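Here's the letter readout for the chains.
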Amino acid sequence: MRINKFLASAELGSRRHVEQFVLDGKISINGQVNKDLAYDVKDDDVVKFNGKIVRAVSDKIYIMLNKPRCYITSLKDEKDRHVVTDLLKGVKQKVFPVGRLDYNTQGLLLLTNDGDYANNIIHPSKNICKTYEVKVKVVLTNKELNMIRRGMTVDGVNYLPAKIDYVYSEDEFNYYNITIFEGKNREIRHIFEELKVTIYALKRLSIGALELGDLAEGKYKVLSEKEKDLVFKGKIC
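The following refers to the structure shown. (Residues numbered from 1 in each chain as written. Predicted model: local features only at pLDDT ≥ 70, side-chain atom pairs only at ≥ 80, totals over all residues. Heavy atoms only, no water.)

Regarding helix α5 (residues 187–194)
What sets the pattern is the α-helix's 3.6 residues per turn: residues three or four places apart point alike.
Now for step 1: Among the residues of α5, those classed as buried are Glu187, Ile188, Arg189, Ile191 and Phe192.
Now for step 2: Positive backbone phi, approximately 60°, marks Lys196, located one or two places after α5. (Buried < 20%, exposed > 50% of the residue type's maximum accessible area, 1.4 Å probe, protein only. Helix = DSSP H or I, 4+ residues; strand = E, 2+ residues; numbered from the N terminus.)

Spelled out as structure tokens, the structure:
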């Protein structure tokens, strides 16, 4: 088994994430530091991460969490802020987040110990759409809507065309659904900052055909095999 796949199956993170552990010299095999990403782990190899033995895990788990605001999408935080795994009471497996939602973004977040599954979701080539609800005070003009739909360049970063639709208004706020498939860092926030439109709340509603539905904020659901594969179906761009 290739070293990145082995480390991902040992619940250390996605394949792309654990590759950095290898390059940083944090992985040893049979007592020797290994920085070779092409290394194939054998059945009798002793693999260690920071001096501790790690083993591949066969008991896979897939979790959908409704992330609240003010939680970090990480396994730990140097500033001692709340992390999303604090919400997974009763989950015995060591899981990691699939992708990210920033500190002030709410909604659907996947966590798993399956590195292959995570990599298949976050890899840009998969073109898996993600839909968000955006809460603003203004009504976007046709010009602004068309800019989003055609794609924008912000501070030298190209954002591909996105789908955006007005949904409803409530009190002084207007709600839009925006669907993207690149998922670049803070993509929606950067787009709205360029339009000089303040976002008052941002919530992820779906990944592919997997929808958050009525899952309460701060709660999680262990997904069935059928449910976890919904991310690869339906809303594919």
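Side note on the sheet that holds strand β1 (residues 27–29)
Now for step 1: Pairing in this open sheet of 4 strands is antiparallel, and the strands run β2-β1-β3-β4 from one edge to the other. Each having just a single partner strand, β2 (32–33) and β4 (52–53) make up the two edges of the open sheet.
Now for step 2: Summarising the sheet, β1 and β2 pair through 2 bridges and their orientation is antiparallel. Pairing of Ser28 across the sheet is with Val33, part of β2. (Pairing = 2+ DSSP bridges.)

Digging into the nonpolar core
Now for step 1: Residues Leu111, Val134, Ile148, Ile164, Ile178, Ile188 and Phe192 are the most contacted members of the largest nonpolar core, which totals 33 residues.
Now for step 2: When contributions to this core are tallied by element, the ones reaching two or more residues are β5 (62–67), β7 (105–112), β8 (130–136), α4 (142–150), β9 (152–154), β12 (173–180) and α5.
Now for step 3: With sequence-adjacent residues up to four places away left out, Ile164 is seen in contact with Leu140, Leu145, Ile148, Arg149, Tyr176, Asn177, Ile178 and Phe192.
Now for step 4: One finds Phe96, Leu108, Tyr117 and Leu215 within the second-largest nonpolar core, a separate group that totals 16 residues. (Core = buried A, V, L, I, M, F, W, Y, C linked by side-chain atoms within 4.5 Å. Contact = heavy atoms within 4.5 Å.)

Some thoughts on a positive patch on the surface
Now for step 1: Together, Lys26, Lys52, Lys76 and Lys94 give the surface a local cluster of positive charge.
Now for step 2: With respect to the helices and strands, Lys94 occurs in the loop between β5 and β6 (96–98).
Now for step 3: Given a relative accessible area of 46%, Lys94 falls into the partly exposed group. (Patch = residues over 30% accessible without salt bridge, like charges linked within 9 Å, V, L, I, M, F, W, Y side chains within 5 Å. Areas by Shrake-Rupley, 256 points an atom, 1.4 Å probe, with all protein chains shown as cover. Salt bridge = Lys/Arg side-chain N within 4 Å of Asp/Glu carboxyl O. Lys, Arg positive; Asp, Glu negative; His and termini not counted. Charge placed at Lys NZ, Arg CZ, Asp CG, Glu CD.)

Some remarks on the side chain of Asn174
Now for step 1: Relative to the helices and strands, Asn174 is located in strand β12.
Now for step 2: A polar contact is formed between the side chain of Asn174 and the backbone oxygen of Val138, at a distance of 3.2 Å.
Now for step 3: Excluding its chain neighbours within four sequence positions, the residues that come into contact with Asn174 are Val134, Lys135, Val136, Lys137, Val138, Val139, Tyr166, Tyr168 and Ser169. (Polar contact = N/O pair within 3.5 Å; in protein donor to acceptor, adjacent residues only side chain to side chain.)

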